[in-house]
Amino acid sequence: MSAADIPAPSGISAQLPAVGGISAERRAAAARWRTAGPWRELAAWPVATAGAVLVAVSYSIAATGTDNQESHFAVFWIGVLMVTVPTFVIGAARSTPARTRMIWVLAYAVFTFVPKLLRNPSVPLYYDEVAHWRQTTGLAASGHLFQSNALIGIVADFPGLHIVTATLADATGFTAWHSAEIVLVLVHVAALFGAVALGQAVFGSLRAGAVTGLFYSLNSSFMYFDTEFGYESLGVVFFIWCLACVGWTYRARTRRRRLEWAIAAAILSFCVVPIHHLSSLFLFAVFLFVAIASLLTYRGRARDPRDHGLVWARLGVGVVLAATTAIWFTVAAPHTYAYLSPYFNGGLGELGRLWSGTSNGRSLYSATSVPGYEQVFAFASPIIAGLLALAGLIVFLRRHRHPDPRPEFTAWSPMRIGLSAYGLLYFASLPLILTSSGAEGARRSWGFTYLGLAVLVTPIVPAVVDHPPWRTARARLAVRTAAVCAGCIMLIGNVSAGLDEDYRFPGPYVYGSDTRSVTPELLAAADWLARNVPGRQMIVADRYAGLGFVRQADAWPATPSGGFPSYDLYFNDAPPSADLIDELASSHYTYLIVDDRMAHNLPAQGEYFAPGEPTSHITQNDLDHYLNYPWTTLVYRSHNYSVYRFDFSGFGANTGVNTSGSTP
Amino acid sequence: VNASAEPDYDDYDYDYDRAPGDPADPLAERPGDKGGREGGDGGRDEADSGRDLRELARYGLLLAIAVLGYFVVPPGVGRAVLVLSTIVWIPGRCLVQRLGLHDAAGIWSVPLSVLLSFTALIILALLEYAAFRHVDFGPLPLWASLVTLAAAACRRWHGAGFARRRTSTSAAFTPRGILKSPLGTGAALFAGVAASAGILAGVYNALPGQPQAGYLQFAYTGPYAALPGVITASAGQQLAIPFSVTAVGEDASGLTVVRQIAGAAIGPAVPVANGQAVVDVPVAGGCSRYTFALERGGGALRTLDLYVSTGGSAACQS
C-alpha cells in the first residue's frame, strides 16, 4: 500500500499553502502519512521478526534435511524478502517521512545481521572468525598486541578489532565471542547508516541517502562476510563513515562546520589503518578518485564562492590517511604487501593467460548445490548493475543539458564524481572472478566498490520510480514492481555469488569444508588435548582438523608451504625427509593429527592443507604407517581421528630439548 | 525513462519532521552561526549552556556508575549494563561534542558516537602499549571516557561552547510526544529489538537442530597423555597407565582394556568403569612395544601404543 492509497483528510490540499518550495500536493501526502498513524513504523519490528523466524526455520530444515533438498533456500529467501521488499518500498518512496524511513532502515540493518548470527550464535565457525577470535582471546589474556596468529599471520598486525572486542570482554565479563557479537551488530547497523549518511551528504536528500544505503546493502559481502568476526567487518564501517564525513564537508555551509567534519574524517581515517589493510587502501583509492575529480572540475567550482576555503582540511584527511598507512605498513605491518600481492598479481597473471588462451579459467558454480535461480540471478546481478551504471553515466555526461537548480558544487561535487568513478572499479574486478588467485580478492573488493556504485546509480532509482515513461497508474505500478524485483534479484544473486552453501547453511558433515567439518568428535579430540596437555601445542594437521584444534585447544597448526612441506607427512608411506624432520623437531612440533577420511574423500574446498600441496591422492597406507614407528606414538584414537606424539630424538635431530623422557 | 534529468529526490521530510528553518537537519545553519572565530559561539545562550552542563554531568554520573560497576559488580550482565556506556557511547559522544558535531550531525551523531568510541579505545590502547608494552583492557573504557569527558568539558570551559540543539517542547509530554522524543524513540526501539530477539531465540532453540554422529574415544589420560614419545623405565618396574574412554551416542557397556606385547595378551582384561581404566604393565628389558586395545566381547574397537625402553629411546629408534 503506497501513501497515495491513503485518503487525505477532506480539503487538506487546499488548506495547505506551499511552504519552502514544497507543493500543497506533497504536503497533503505528508498529512496522509500523519493521519495513517504510527503503524507503518511499528510494523517494522513484527515484519523483521517474522522474517528472522523464517531464516531460523530454513536453517533448521537445512540442518535436518537430506543433501539434495532445496527447500531451505526457498524458505530462507521468503524470510529475507519479507523484510527486504517493504524496506525497499518504504525506504525509497517519495512520501515516506524521515522517521519512518529511518526506522525501516534500522530494522533492515538489524535483520540483515540475523542470518550470520543464527549460523553460529555461540562459537566462531568461519575460518577467519576462528583466527580473529583466537587473536582476541590471546590479547585479552596477555595484554600484548601484535601476537602471532596461528591461522592468518597478517591478522596480528591489525589489532583494532581485537582491541575493541577484548576491551568489551574484559570490562563486562562477557566471553570474547559474545563481546564480538555485540561489536558486530553495532558496526553492521552503523555500516548501513553510514551509507545512508553518505548518500544524504552527496545528494542532499535523506531519501536519496536511503536509496544509496539500500543499494549498497545488496553487495555480496553485506549479509555474511561483513557480519563475520573479521577485521574487515569493522574496517569497512570506518571506510564508509570516513567518506560520509568527507561528504558532509562538501555539504556544510560554513568554514567551521567543514573543519569539524574534516577533523572527524581525519580521526576515522587515522583509525582505519590499524584495523584493516584493505579498508585503508580502498579509502586511499577513493581519495585519489575524489582528488582527481576535484582537479578536473576545479574551473567550474572556482566560480562559486561557497566552495572556497578549507580545501586544505579535506586534503589533510587524505594526508593523515596516507601518512598513517605508510608508517603503519612500514613499522607495524611490514608483511602486508607480501600478503596481498599474490592475490592481485596472481589474479592478473592468470587473467592474462586466460585472455591469451593459454589456460582455462574457473568454472563458476561447478559442482554447486545452490538452486538454479540463484545461479541465474548471480549472473544477472552484474548486468542489472551495469545497466544502472550506464544510466548513471548518461546522467553525468548530459548534466549540462539539464542543469540542476542547486549550485553546481552541490549537485555534482567532486565527492559524487570521484565516488561514482571509483564505483566503476566493480566492473573492472568482475573478470578476476574467473581466476583462482583473483576470485577471492575480487569478491572482497565488492564490499568497497559497491559504495561508489551505489552513489553512481542512486539518481536513477528515483528517476525510474517517480517518472516512468508510461503515465498510467498501472504502468507506474509495474515499473515500481520491476524496480523492487530488480533489487531482490541483485540481492539473491550477490549473496549467492559471495559465499557457497556450506558457509551459508548448516547441514550434514562435508569433508574439506571449513564450516561443515566441525563435528563433536573433532572437538572432543581437541578437548582431550587441551585438558591433558597444558600449554599451546604445535601440531601438524590438515586444514579442517587444525581449525578445530585451534578453536578448542588453542593449538598451533603447521602452515605448510614449499619451504616447509609438512603435508608430505600425509602424501606417502615412507618416512619423511631429514630436512622436514629437522624442521619439525627444531620448531617443537609435538603432535600429528590424522583424519582417516582424508584417504576416502576429496576436500570440498579443493585442498587438504594449503595451495601448492601435492596433487596425488592420499591412501590409507599413507596414514597408517605411523603405527609402525616408535617416533610416532598413538596416544588418542576415536572413530576417525588419531593423535600421534612425535619423538624425533631417535633421528638425532636438533630439537634443542631432550624429547625422550623417563617414566611419567 | 528520462535518465538524463537529475531527479527531484525530496520527499516530504521537510514539512513533516522539520519546520522551515528548524536547525535539526545537518543542512540547516543557524542564524548567526558563522563558525568558530569568525562567528563566535554559534548562537549559544544561557539555556543551551545549562543543558550542556547537564549533559556533561549525566555523562560524569554514568562514568561514576561504570567505575563502581567495574570494581564492585561481578562480571556478567549486571556489570555489562553498568559499564557498556563507557565502551560504546561516552567516549564517542564526548568527542562528537568536542568537535561540535553533536548538532550538525543530527541523527548521524549516534552511529558516529559509537564509532568514535571505538576509535578512542583503539588509540588509547595503542598509546598504552607504546608506553608500557602492555594493555590493561578492563579499565581502558573508563580511562577513555574520563579523557574524552575532560576534553569535552575543556571545550565548554574555554567558552567555545556547544551548539544549540533543538529543544523539546511541551508537546513532548503528550504520549505521542514522548514516543517521538529521542529517549522515547530509543526506549521503543530497544523494546522492539528485545522483543524480537526474545521471540527469535525461543523459536531458534525450539527448532530441531543438526543431528550429530556419536563417537567413541580411547586415550591416555593424566601424565601419560603428555608422554614424550619413548619412555624410559627400569626392568621389572610396574607402570600404572590410566586411560579415558568417552562414548557419546554409542554403547559404553561391557568395555574392557586389554594389554598386549608383540601381539600377545598379557594379563586379564581391565573393565572400564565411569569412563576410566587403569592398567598395570610390568616393564620388560630393552625396547618393548605395548598395545592397549579397547574391546567389547573380544572384538577390538580402538588401540593405542606405548613404547617403553630400559636403555633410553635410542634402543627403540634403532
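Analysis parameters
- Residue positions are counted from 1 within each chain, in the order its sequence is given.
- Each chain is given a letter, starting from A, and each ligand a number, starting from 1, according to the order in which they appear as written.
- Totals for whole chains, interfaces and linings use every residue, but because this is a predicted model, local features are given only for residues with pLDDT of at least 70 and side-chain atom pairs only at 80 or more, for both listing and counting.
- By convention in this description, side-chain values take in all heavy atoms of the structure and omit both hydrogens and water.
- Working definition: helices are DSSP H or I runs of at least four residues, strands are E runs of at least two. Numbering for both runs from the N terminus.
- Residue exposure (1.4 Å probe, protein chains only): buried if accessible area is under 20% of the type maximum, exposed if over 50%, otherwise partly exposed.
- Throughout, the Shrake-Rupley method with a 1.4 Å probe supplies accessible areas, and for residues the shown protein chains are the sole cover considered.
- Axis lines are fitted through C-alpha atoms, for helices just across the contact stretch, and the angle between N-to-C directions can take any value from 0 to 180 degrees.
- Roughly parallel here means an angle under 35 degrees, roughly antiparallel means over 145, roughly perpendicular means 65 to 115, and every remaining angle is called oblique.
- Handedness of a crossing follows from how the near helix is turned relative to the far one, being left-handed for an anticlockwise turn of less than a right angle and right-handed for a clockwise one.
- Throughout, a residue-residue contact means that at least one pair of heavy atoms, one from each residue, lies within 4.5 Å.
- The classification used treats Ala, Val, Leu, Ile, Met, Phe, Trp, Tyr, Cys and Pro as nonpolar, Asp, Glu, Lys and Arg as charged, and all other residues, Gly among them, as polar.
- Criterion used throughout: strands pair if DSSP finds at least two bridges between them.
- Throughout, the protein atoms alone are placed on a 1 Å grid, and a set of points is a cavity if a 1.4 Å probe fits but cannot get out or a pocket if it is open with protein on both sides within 12 Å along at least five of seven lines; lining residues have an atom within 4 Å of a point.
- Grid points are joined across faces, edges and corners, and a volume is the space filled by probe spheres set on the points.
- Every residue gets a pLDDT, meaning the predictor's confidence in that residue, from 0 to 100.
- When the centres of two rings from Phe, Tyr and Trp lie within 6.5 Å, Trp using its six-membered ring, the rings pair. Their planes under 30 degrees apart give stacked, over 60 give edge-to-face, and anything left gives tilted.
- Comment: the charge-over-ring label is applied if NZ (Lys) or CZ (Arg) is within 6 Å of the ring centre and within 35 degrees of the ring normal.
- Here, the term disulfide refers to a pair of cysteine sulfur atoms separated by no more than 2.5 Å.
- The term nonpolar core refers to a set of buried residues drawn from Ala, Val, Leu, Ile, Met, Phe, Trp, Tyr and Cys, joined through side-chain atoms within 4.5 Å.

1. Here we look at the overall build of chain B
Item 1. Of the regular secondary structure elements, chain B holds 10 helices and nine strands.
Item 2. The 318 residues of chain B split such that 48% are buried.
Item 3. When the accessible surface of chain B is totalled, it reaches about 14,400 Å², and 64% of it is carbon and sulfur.

2. Considerations on the packing of helix α4 (residues 44–64) of chain A against helix α6 (residues 98–111) of chain A
Residue and element names in this part refer to chain A.
Item 1. For the pair α4 and α6, the least separation of the axes is 10 Å and the interaxial angle reads 15 degrees. By the angle class used here, α4 and α6 are roughly parallel. When the axes of α4 and α6 are compared, the crossing they make is right-handed. Each of Ala44, Trp45, Val47, Ala48, Gly51, Ala52 and Val55 in α4 lies in contact with α6, whose residues at this interface are Ile103, Trp104, Leu106, Ala107 and Phe111.
Item 2. Class assignment for the residues of the contact of α4 with α6 results in 11 nonpolar, one polar and no charged.

3. Re the pairing of strand β1 (residues 215–220) of chain B
Item 1. Of all six residues in β1(B), six are buried; the element is thus mostly enclosed.
Item 2. Neither face of β1(B) is exposed, since B:Tyr215, B:Gln217 and B:Ala219 on one face and B:Leu216, B:Phe218 and B:Tyr220 on the opposite face are all buried.
Item 3. Across two bridges, strand β4 (residues 632–637) of chain A lies against β1(B) in antiparallel orientation. Opposite A:Arg637, over in β1(B), you have B:Phe218 as the bridge partner.
Item 4. Sheet topology places β1(B) next to strand β3 (residues 238–248) of chain B; six bridges connect them, and they run antiparallel. What sits directly across from B:Leu216, in β3(B), is B:Ala247.

4. Here's the deal with empty space enclosed by the protein
All names here are of chain A.
Item 1. Evaluation of the coordinates by the stated rule reveals seven cavities of 30 Å³ or more.
Item 2. Of the volumes computed, that of the largest cavity is approximately 100 Å³.
Item 3. Lining the largest cavity are 16 residues, with Arg134, Gln135, Ser148, Asn149 and Arg536 sitting closest to its centre.
Item 4. Counting residues per element, the lining of the largest cavity draws most heavily on helix α8 (residues 127–142), at six residues.
Item 5. Per-class residue counts for the lining of the largest cavity are eight nonpolar, five polar and three charged.

5. Focus: unusual backbone geometry
All names here are of chain A.
Item 1. One non-glycine residue, Phe146, lies in the positive phi region at around 60 degrees.
Item 2. Along the chain, the position of Phe146 falls in the loop between α8 and α9 (160–172).
Item 3. Exposure remark for Phe146: the relative accessible area of 30% places this residue in the partly exposed category.
Item 4. Although it is not a glycine, His588 sits at a positive phi angle of roughly 65 degrees.
Item 5. The topology assignment puts His588 in the loop between α29 (578–586) and β3 (589–595).

6. Digging into the confidence of the model for chain A
Residues and elements named next belong to chain A.
Item 1. Of the residues in chain A, 88% have a pLDDT of 70 or more, and the chain-wide mean is 87.
Item 2. Averaged pLDDT values over the elements of chain A bottom out at 36 in helix α1 (residues 12–15) and peak at 97 in α9.
Item 3. The model gives residues 1–21 a pLDDT under 50, and that stretch makes 27 contacts with residues more than four places away or in other chains.
Item 4. Low confidence marks residues 653–661, where pLDDT is under 50. Its contacts with residues over four positions away, or in another chain, come to 26 contacts.

7. Some details on the sheet that holds strand β2 (residues 556–557) of chain A
Item 1. With mixed pairing, the eight strands of this open sheet are ordered in space as β2(A)-β1(A)-β3(A)-β5(A)-β4(A)-β1(B)-β3(B)-β7(B). Each edge of the open sheet is held by one strand with a lone partner, namely β2 of chain A together with β7 (276–282) of chain B.
Item 2. Two elements, β3(A) and strand β5 (residues 641–646) of chain A, share five bridges in a ladder whose sense is antiparallel. Considered in β5(A), the bridge of A:Val594 is made with A:Ser642.
Item 3. Along the sheet face, helix α26 (residues 520–532) of chain A touches β1 (538–540), β3, β4 and β5 of chain A together with β1 and β3 of chain B and points at about 20 degrees away from the line of β1(B).

8. Concerning the packing of aromatic side chains
Between two aromatic rings, the relevant description is the distance of the centres plus the angle of the planes.
All names here are of chain A.
Item 1. The final tally for this structure, using the stated rule, is 46 aromatic pairs over all chains.
Item 2. Judged by centre distance (6.2 Å) and plane angle (90 degrees), the rings of Trp177 and Phe229 are edge-to-face. Of the two residues, Trp177 sits in helix α10 (residues 176–203) while Phe229 sits in the loop between α11 (206–216) and α12 (231–251), which places them 52 residues apart along the sequence. Pair check on accessibility: Trp177 and Phe229 agree, each one buried.
Item 3. Chaining the aromatic ring pairs together yields one cluster made of Tyr511, Tyr544, Tyr567, Tyr570, Phe571, Tyr608 and Phe609.
Item 4. Sitting over the ring of Tyr126, Lys116 keeps its end group 4.6 Å from the ring centre.
Item 5. The ring of Tyr127 carries the charged tip of Arg543 above its face, separated from the ring centre by 4.0 Å.

9. Description of the side chain of A:Gln135
Item 1. Looking at the secondary structure, you find A:Gln135 in helix α8.
Item 2. If we ignore the near neighbours within four places in the chain, the residues touching A:Gln135 are A:Gln147, A:Ser148, A:Asn149, A:Val155, A:Ala156 and A:His162.

10. Quick word on the state of the cysteines
Item 1. For the coordinates displayed, the defined rule picks out zero disulfides over all chains.
Item 2. The closest cysteine sulfur to the non-disulfide-bonded A:Cys485 is located on A:Cys488, 6.2 Å from its own sulfur.
Item 3. Not engaged in a disulfide, the cysteine B:Cys94 finds its nearest cysteine sulfur in B:Cys154; these two sulfurs lie 12 Å apart.

11. Details of the nonpolar core
Item 1. Membership of the largest hydrophobic core comes to 185 residues, with the highest contact counts inside it found for A:Phe239, A:Trp241, A:Leu243, B:Trp108 and B:Phe118.
Item 2. For this core, the element with the highest residue contribution is α10(A), accounting for 18 residues.
Item 3. Residue contacts for B:Trp108: discarding those within four places in its chain leaves A:Met102, A:Phe193, A:Val196, A:Ala197, A:Gln200, A:Leu206, A:Trp241 and A:Trp248.
Item 4. Within the second largest apolar cluster, 80 residues are counted, among which are A:Ala526, A:Val533, A:Trp556 and A:Leu584.

12. Observations concerning the environment of A:Pro614
Residues and elements named next belong to chain A.
Item 1. Its location among the elements puts Pro614 in the loop between β3 and α30 (620–624).
Item 2. The spacing of Pro614 and Leu627 is 13 residues in sequence and 23 Å in space, taken between C-alpha atoms.
Item 3. With near-sequence residues (within four places) excluded, Pro614 lies in contact with Tyr567, Asp568 and Phe571.

13. A few points about the pairing of β5(A)
Residues and elements named next belong to chain A.
Item 1. In terms of burial, β5 is largely enclosed, as six of its six residues are buried.
Item 2. Because side chains alternate across β5, one face comprises the buried residues Tyr641, Val643 and Arg645, and the other comprises Ser642, Tyr644 and Phe646, equally buried.
Item 3. Inspection of the sheet shows β4 paired to β5 by five bridges, in the antiparallel sense. Of the residues in β5, the one forming a bridge with Arg637 is Ser642.
Item 4. Following β4, the chain reverses through three residues before pairing antiparallel with β5.

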